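Here's the letter readout for the chains.
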Amino acid sequence: MLPSLAAIAVARSRLATVALRTPLVRLGLPGVTAEIWLKLENLQPIGSFKIRGAANAMARLDAATLARGVLTASAGNMAQGVAWCARERGVTCTVVAPDTAPAAKLTAIERLGARVIREPFERWWRTFQDRAYPGVEGTFVHAFDDLDVMAGNGTIGLEILEDLPDADAVVIPWGGGGLASGIGAAIRAVSPGCRLWAAECASGAPLASALAAGEVRNVDYRPSFVDGIGSRAVFPQMLERAQMLLDGSLVSSVEEIAEAVRVLAAHNRVIAEGAGAAALAAALAGKAGGGKVVCVVSGGNIDGDRLAGILAGRGAA
């Protein structure tokens, strides 16, 4: 099941006072075959698109439910979205984060008033499946497998097509699939001929493997600076959504994504985290095809030291 166009439109009205309508700007890089455009979700109040889905999902909760608090599992950006909304509503927020999450994201979560519980990757990933964590009360706000979250994310798709109605392709970072499912649902409803691609990192690209096999497959996952996307497997229901919506998954190396971070900083003065540069990495390599290609820059929350090293060309390992 996917969010309807009507549900995405309602989400848009809910988000009017919460999320920014982010700009769509042309990539300032000469010599690129495709006409590349950047949807700058790194400019959201929390530095990530996640505020859209979190705010829409929490707007659906009544006061009594909210009073018991909220819980989420996140590598950082969804946690910030839920924590931001929880602070605005005066309720408690608990975040289960992987022990590989970058310090910049964990600090931002705590600054927003949330409690952070750090767990090894496998235990963290199980929280997504269980939709709960032992000893913690509150409503679980899922980072991707939730129709309200997807509807909030789908508002990005509406904005893209309003600003660039003749877009030929949109490339969307794939973490759990909630962003691609939301944007994909909106674009398929309004512009069905537009190509839709997921962007993954070779350090953990389960969607590409699953699409090729026609079923969920486990893959090797190696933590890298591209922490906002990548895992060992795709949820079966998210694979079904991807099969309905997407033309495929485009996989880039860690170093290709680091180069995209450098391109964004040098040519558009845009700070992107690894996941936020994954779509551009694929487009720069020509994997998304020609024409007008929109790359969703999903977030800009990257540790300063790591960013400095990447910009200085010291590698991204």
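Structural data are supplied above this passage.
Residues numbered from 1 in each chain as written. Predicted model: local features only at pLDDT ≥ 70, side-chain atom pairs only at ≥ 80, totals over all residues. Heavy atoms only, no water.

Chemist: I keep staring at helix α4 (residues 77-89) and nothing clicks. Help me out?
Modeler: Because an α-helix completes one turn every 3.6 residues, residues spaced three or four positions apart along the sequence face the same direction. With 13 residues, α4 extends 19 Å between its outermost C-alpha atoms, agreeing within 8% with the 18 Å of an ideal straight helix rising 1.5 Å per residue. For α4, the full list of buried residues reads N77, M78, A79, Q80, G81, V82, A83, C85 and A86. Looking one or two places after α4, you find G90, whose phi comes out positive at around 70 degrees. (Helix = DSSP H or I, 4+ residues; strand = E, 2+ residues; numbered from the N terminus. Expected span 1.5 Å × (residues − 1). Buried < 20%, exposed > 50% of the residue type's maximum accessible area, 1.4 Å probe, protein only.)

Chemist: What exactly am I supposed to notice about the packing of helix α8 (residues 178-190) against helix α10 (residues 236-245) here?
Modeler: Two packed helices can be described by the angle between their axes and the distance between those axes. Close contact between α8 and α10 brings their axes to 10 Å; oriented N to C, the two are set at 35 degrees. Our pair here, α8 against α10, has a crossing hand that is left-handed. Here α8 contributes G178, A180, S181, G184, A185 and R188 to the contact with α10, which in turn contributes M238, R241 and L245. (Axes fitted to C-alpha atoms, helices over the stretch in contact; angles between N-to-C directions. Left-handed = near helix turned anticlockwise from the far one by under 90°. Contact = heavy atoms within 4.5 Å.)

Chemist: Is there a simple way to think about the pattern of salt bridges in this case?
Modeler: When charged atoms on two side chains of opposite charge get close, those side chains can pair. Scanning the model with the defined rule gives 20 salt bridges in all. A salt bridge links R126 to D130; the shortest N-O distance between them is 3.6 Å. Placement of the pair is R126 and D130 together in helix α6 (residues 121-130), with a separation of four residues, close to one helical turn. Of the charged contacts in the structure, one is a salt bridge between D145 and R131, with a shortest N-O distance of 2.7 Å. On the criterion of sequence distance, the pair formed by D145 in the loop between β6 (139-140) and α7 (147-163) and R131 in the loop between α6 and β6 is long-range, its members being 14 residues apart. A residue is classified by how much of its surface remains accessible, and D145, at 10% relative accessible area, is buried. A network of salt bridges, in which partner residues are shared, links R12, R21, E162 and D163. (Salt bridge = Lys/Arg side-chain N within 4 Å of Asp/Glu carboxyl O.)

Chemist: Help me understand the environment of V141 in this model?
Modeler: Its place among the elements puts V141 in the loop between β6 and α7. Each C-alpha atom of the pair V141 and I51 lies 12 Å from the other, and the pair is 90 residues apart in sequence. When sequence neighbours within four positions are dropped, the list of residues in contact with V141 reads A57, M58, V70, L71, T72, M78 and V82.

Chemist: Help me out: how do you make sense of the sheet that holds strand β9 (residues 248-252) in this one?
Modeler: For sheets, the rule is that strands pair by backbone hydrogen bonds, running either parallel or antiparallel. Spatial strand order, β1-β2-β10-β7-β8-β9: six strands in an open sheet with mixed pairing. If you trace the sheet from one side to the other, it starts and ends with β1 (24-26) and β9, each paired once. Ignoring strand direction, the axes of neighbouring strands in this sheet form an average angle of 30 degrees. Strand direction decides the pairing type here: strand β8 (residues 195-201) and β9, joined by five bridges, are parallel. Bridged to W197 within β9 is G248. Against the sheet, helix α11 (residues 254-268) engages β1, β2 (35-40), β8 and β9, with an angle of about 85 degrees to β9. (Pairing = 2+ DSSP bridges.)

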